[in-house]
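Residues per chain are reported as follows:
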Amino acid sequence: MLSRRDILKVSAVSAAAAGMIGGIAKNAAADDHRNIVPPSSYQPPADAQHLYKYKFTDSKKRSLPSGWAREATVEQFPISEGVAGVDMTLEPGGVRELHWHAIAAEWAFMLEGHARITILDPEGKCEVADFGPGDVWYFPKGYGHSIQALADGAHFILAFDNGHFSEFGTFSITDWVAHMPKEVLEKSVDMPAAVFSKAKQGEAYIVGGAVPPALPLPKSDGGLNNAPLTHRYELMKQKPFFENDAAGVHLVSSKEFPISTTMTGIIEIVKPGAIRELHWHPNANEWQYYIAGKGRMTVFSSHGHAQTEEYAPSDVGYVPQGFGHYIENIGDEDLKVLIVMDNGIYQDISLSDWLAKTPAYLLADNFNNQVEDWQDRPKDKRVMSRRSR
């Protein structure tokens, strides 16, 4: 059971771990690759259950004729301070209208179908690009953008680097225009206000449209495409970050995808009976979306506190920065998990690597056994593994 006093202790330990892992002072460069949010005010009750799990199916859908969305923010999933998530579908031609996010960057993973994005940066540079299954996009905080489904519709997961962000509180172009005086509109864009008169008088959010024409577009009509960095990354077409007979890991950080300065994305595909080994992340919170299969995770938050949950498709998991955890496939099919971290620099520290690089005599002292007990320990980091002996 987690008391208020215990949570405060956990927070202190977590903060220390983030700053002093391995005796190294907090990395300022890593903080440059993170959207720092206010400290958590969330205090779980003493009998709190399901701290690290949320079912997306419990979220209320915002449904419109051309698509729907449901979200998981701190309002629905209180522990998820660092990352908010949205599950969204668009019908063919459906448009998530032109909008921007004032307090969070947007990272997305395409699950099914195809979509087209447009984006404009503060320097007036723009990009139009099409996305298919396995592709990722990233929009920095405040950049104007849109999403439109192509002929087969689109289903994607959005993640934002601030758990307090609500998709339903974005700055939408129809809402903005509807609340401006007509004479101000005319002066601002040098066009008659009547151009906007047929738009919904309020936020449209998702609107219907025709399937857009094939790319490239004319440069004089939205096809300039002069952004200095692309906002598109074909994650699942790249060589895996890690692969063995137990699992495969696809990873994209700011190293591989320079525009994605504040977020890292991972797809883990874990074979039946295999495990993403015990580890922690010293510099980021971890948000998870379970795509397929059946998983189990235990989150350790120090002072004897640990909580185990099982996860199924469309469930969401969360691991606060510095908390120890693993992901295990407990089903009969591959477990596929989308992981998003609120830092553009990827870091982890694993139990196997720690044991491998610690002298056997010290391990024997630590665990009250013999040096000989440690001679056959793995000599390197496991990452993904099955019991082999």
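Quantities reported herein were computed from a predicted structural model and do not represent experimental measurements.

*Asks:* So what about the overall build of the protein? Which residues, and what values?
*Replies:* Each helix and strand in the protein was counted, giving six helices and 24 strands. Within the protein, contacts between residues at least 6 apart in sequence are counted, and of these 76% link residues at least 24 apart. Of the roughly 18,600 Å² that the protein leaves accessible, carbon and sulfur atoms contribute 55%. When the 37 positive and 49 negative side-chain charges of the protein are each reduced to one mean point, those points stand 1 Å apart.

*Asks:* Can you break down the packing of aromatic side chains residue by residue, with the values?
*Replies:* Evaluated as defined, the whole model comprises 15 aromatic pairs. Summarising the aromatic geometry, the rings of Tyr54 and Phe77 are spaced 5.8 Å apart at their centres and angled 25° between planes, so their arrangement reads as stacked. Of this pair, Tyr54 sits in strand S1 (residues 53-55) while Phe77 sits in the loop between strand S3 (67-72) and strand S4 (84-90), placing them 23 residues apart in sequence. Residue Tyr54 is classed as buried on the basis of its relative accessible area of 9%. A residue is classified by how much of its surface remains accessible, and Phe77, at 2% relative accessible area, is buried. Relative to Phe165, the ring of Phe160 lies with its centre 4.2 Å away and its plane at 35°, an arrangement referred to as tilted. For Phe160, a relative accessible area of 0% gives the class buried. Taken together, the aromatic side chains of Phe131, Trp137, Phe139 and Phe156 make up a single cluster linked through ring pairs. Between the NZ or CZ atom of Lys53 and the centre of the ring of Tyr311, over which it lies, the distance is 5.6 Å.

*Asks:* Give me the lowdown on the UniProt feature "domain: Cupin type-1" (unreviewed entry) in the protein, citing residues and values where you can.
*Replies:* Feature annotation in UniProt assigns "domain: Cupin type-1" (unreviewed entry) to the following positions: residues 54-197 and 233-375. Here residues 54-197 is 10% helix and 47% strand, with 41 Å between the C-alpha atoms at its ends. Across residues 233-375 one finds 10% helix and 42% strand; the C-alpha atoms that close the span lie 43 Å apart.

*Asks:* Summarise the nonpolar core; cite the residues concerned and give the values.
*Replies:* Core analysis: the largest hydrophobic core is formed by 52 residues, its most contacted members being Trp107, Phe109, Trp287, Tyr289 and Leu338. Of all the elements, strand S22 (residues 335-341) adds the most residues to this core, at six residues. Not counting the four nearest positions on each side in its chain, Leu338 is found in contact with Trp107, Phe109, Ile157, Ile266, Ile267, Trp287, Gln288, Tyr289 and Ile291. Core analysis: the next-biggest nonpolar cluster, separate from the first, contains 24 residues, Met88, Ala149, Leu158 and Phe160 among them.

*Asks:* Can you lay out a nonpolar patch on the surface for me, pointing to particular residues and giving the numbers?
*Replies:* The grouping of Leu98, Ile173, Trp176 and Met180 at the surface amounts to a nonpolar patch, some 370 Å² of accessible area in total. Looking at the element boundaries, Ile173 is found in helix H3 (residues 173-178). Here Ile173 falls in the partly exposed class, since its relative accessible area comes to 34%.

*Asks:* Got a sec to walk through the environment of Phe196? Specific residues and values, please.
*Replies:* Among the secondary structure elements, Phe196 is positioned in the loop between helix H4 (182-189) and strand S11 (206-207). Under the relative-accessibility criterion, Phe196 is labelled partly exposed at 25%. With 150 residues separating them along the chain, Phe196 and Tyr346 place their C-alpha atoms 45 Å apart.

*Asks:* Quick rundown of the confidence of the model for the protein? Include the residues and the values.
*Replies:* A low pLDDT score tells you not to read the predicted coordinates there in detail. Looking at the protein as a whole, its pLDDT mean stands at 91, while 91% of the residues score no less than 70. This stretch, residues 1-26, has a pLDDT under 50; its non-local contacts, to residues over four places away or in other chains, come to 38 contacts.

*Asks:* Requested: an account of unusual backbone geometry, with residues and values cited.
*Replies:* Here the amide bond leading from Leu215 into Pro216 is cis, since omega sits at 5°, within 30 degrees of zero. In this fold, Pro216 is placed in the loop between S11 and strand S12 (232-233). A positive phi angle, close to 55°, is found at His50, a residue other than glycine. Take His50: it is sitting in the loop between helix H2 (28-31) and S1. For Asn225, which is not glycine, the phi dihedral falls at a positive 50°. Position of Asn225 among the secondary structure elements: in the loop between S11 and S12.

How each quantity is defined
- Residues numbered from 1 in each chain as written.
- Predicted model: local features only at pLDDT ≥ 70, side-chain atom pairs only at ≥ 80, totals over all residues.
- Heavy atoms only, no water.
- Helix = DSSP H or I, 4+ residues; strand = E, 2+ residues; numbered from the N terminus.
- Contact = heavy atoms within 4.5 Å.
- Areas by Shrake-Rupley, 256 points an atom, 1.4 Å probe, with all protein chains shown as cover.
- Lys, Arg positive; Asp, Glu negative; His and termini not counted.
- Charge placed at Lys NZ, Arg CZ, Asp CG, Glu CD.
- Phe/Tyr/Trp six-rings, centres within 6.5 Å; stacked < 30°, edge-to-face > 60°.
- Buried < 20%, exposed > 50% of the residue type's maximum accessible area, 1.4 Å probe, protein only.
- Lys NZ or Arg CZ within 6 Å of the ring centre and 35° of its normal.
- UniProt positions renumbered as here; feature names shortened; annotations may be inferred.
- Core = buried A, V, L, I, M, F, W, Y, C linked by side-chain atoms within 4.5 Å.
- Patch = residues over 30% accessible without salt bridge, like charges linked within 9 Å, V, L, I, M, F, W, Y side chains within 5 Å.
- Salt bridge = Lys/Arg side-chain N within 4 Å of Asp/Glu carboxyl O.
- pLDDT = per-residue confidence, 0-100.

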